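Examination of the molecular architecture
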Amino acid sequence: MKKILIFSILLFCILPLTPWWCIGLLIGFNGWVSTAKKEAAISGGTIAAIAWILPLIWHYFSGGRLLMDRVGGMIDFAHPLLLVLVSLILIVIMGMLSSLSGYFSRRIFNEPSF
C-alpha cells in the first residue's frame, strides 16, 4: 500500500510535465521492485488508475467538460462518462503490462548467464 501511494504521488506530480506514455516508464520501475507477478500487475494497474483518474476528474470539473463532451460525441458515446471509463480501462491495462514488463526484465537481468 505504501509503495502504491508513493508511486501514485510521484506520477501525479510528474504527469503534467510529461507525455501520457511516461506513466509506463515509472510503472515499469514499480514492476522492477515488485516481488511477485500478481503484486506487480495489481499495483501497476492501481497506480495507473489513481494517477490517471484524479487529474481527469479535476480537468473535467475545471472546464474540460466541453472538450470531453465533444470527443465523446466524435467517438459516438452517449455520455462523457463512457469516455472516462474506456480511457481508465486502457490505462489500467497499460499499467499492468508495464509493471509486468518491469518485473520480467528484472528477472531476466538478474539470472546468471550460461
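None of these values were measured; they are calculated from a predicted model.

**Considering the packing of helix α2 (residues 22-33) against helix α4 (residues 80-110)**
- Contact geometry for α2 and α4: axes closest at 7 Å, N-to-C directions at 45°. Accordingly, the angle class assigned to the pair α2 and α4 is oblique. The interaxial crossing formed by α2 with α4 has right-handed handedness. Taken together, the residues of α4 that come into contact with α2 (itself represented by Ile23, Gly24, Ile27, Gly28, Asn30, Gly31, Trp32 and Val33) are Ile91, Met94, Gly95, Ser98, Ser99, Gly102, Tyr103, Ser105, Arg106 and Phe109.
- Of the residues in the contact of α2 with α4, the class split is 8 nonpolar, 9 polar and 1 charged.

**Some words on the state of the cysteines**
- Tallying each qualifying case throughout the model produces 0 disulfides.
- The closest cysteine sulfur to the non-disulfide-bonded Cys13 is located on Cys22, 15 Å from its own sulfur.
- For Cys22, a relative accessible area of 17% puts it in the buried group.

**Notes on the packing of aromatic side chains**
- Summed over all chains, the structure comprises 4 aromatic pairs.
- Relative to Phe29, the ring of Phe7 has its centre 6.2 Å away and its plane inclined at 55°; by these criteria the two rings are tilted. Placement of Phe7 in helix α1 (residues 2-14) and of Phe29 in helix α2 is noted, with a sequence separation of 22 residues between them.
- In this structure Phe7 comes out as buried when scored by relative accessible area, which is 10%.

**Looking at α1**
- Taking 1.5 Å of rise per residue, 13 residues should cover 18 Å, and α1 covers 18 Å from first to last C-alpha, within 8% of that figure.
- Within α1, the full set of buried residues consists of Ile4, Phe7, Ser8 and Leu11. Within α1, the buried residues cover an arc of 105° as seen down the axis, which keeps them to one side. More than 90 degrees from the buried face of α1, the exposed residues found are Lys2 and Leu5.
- Close packing links the buried residues of α1 with α2 and α3 (37-74).

Cut-offs used in this document
Residues numbered from 1 in each chain as written. Predicted model: local features only at pLDDT ≥ 70, side-chain atom pairs only at ≥ 80, totals over all residues. Heavy atoms only, no water. Axes fitted to C-alpha atoms, helices over the stretch in contact; angles between N-to-C directions. Helix = DSSP H or I, 4+ residues; strand = E, 2+ residues; numbered from the N terminus. Parallel < 35°, antiparallel > 145°, perpendicular 65-115°, else oblique. Left-handed = near helix turned anticlockwise from the far one by under 90°. Contact = heavy atoms within 4.5 Å. Nonpolar A, V, L, I, M, F, W, Y, C, P; charged D, E, K, R; others polar. Disulfide = S-S within 2.5 Å. Buried < 20%, exposed > 50% of the residue type's maximum accessible area, 1.4 Å probe, protein only. Phe/Tyr/Trp six-rings, centres within 6.5 Å; stacked < 30°, edge-to-face > 60°. Expected span 1.5 Å × (residues − 1). Arc of directions from axis to C-beta.

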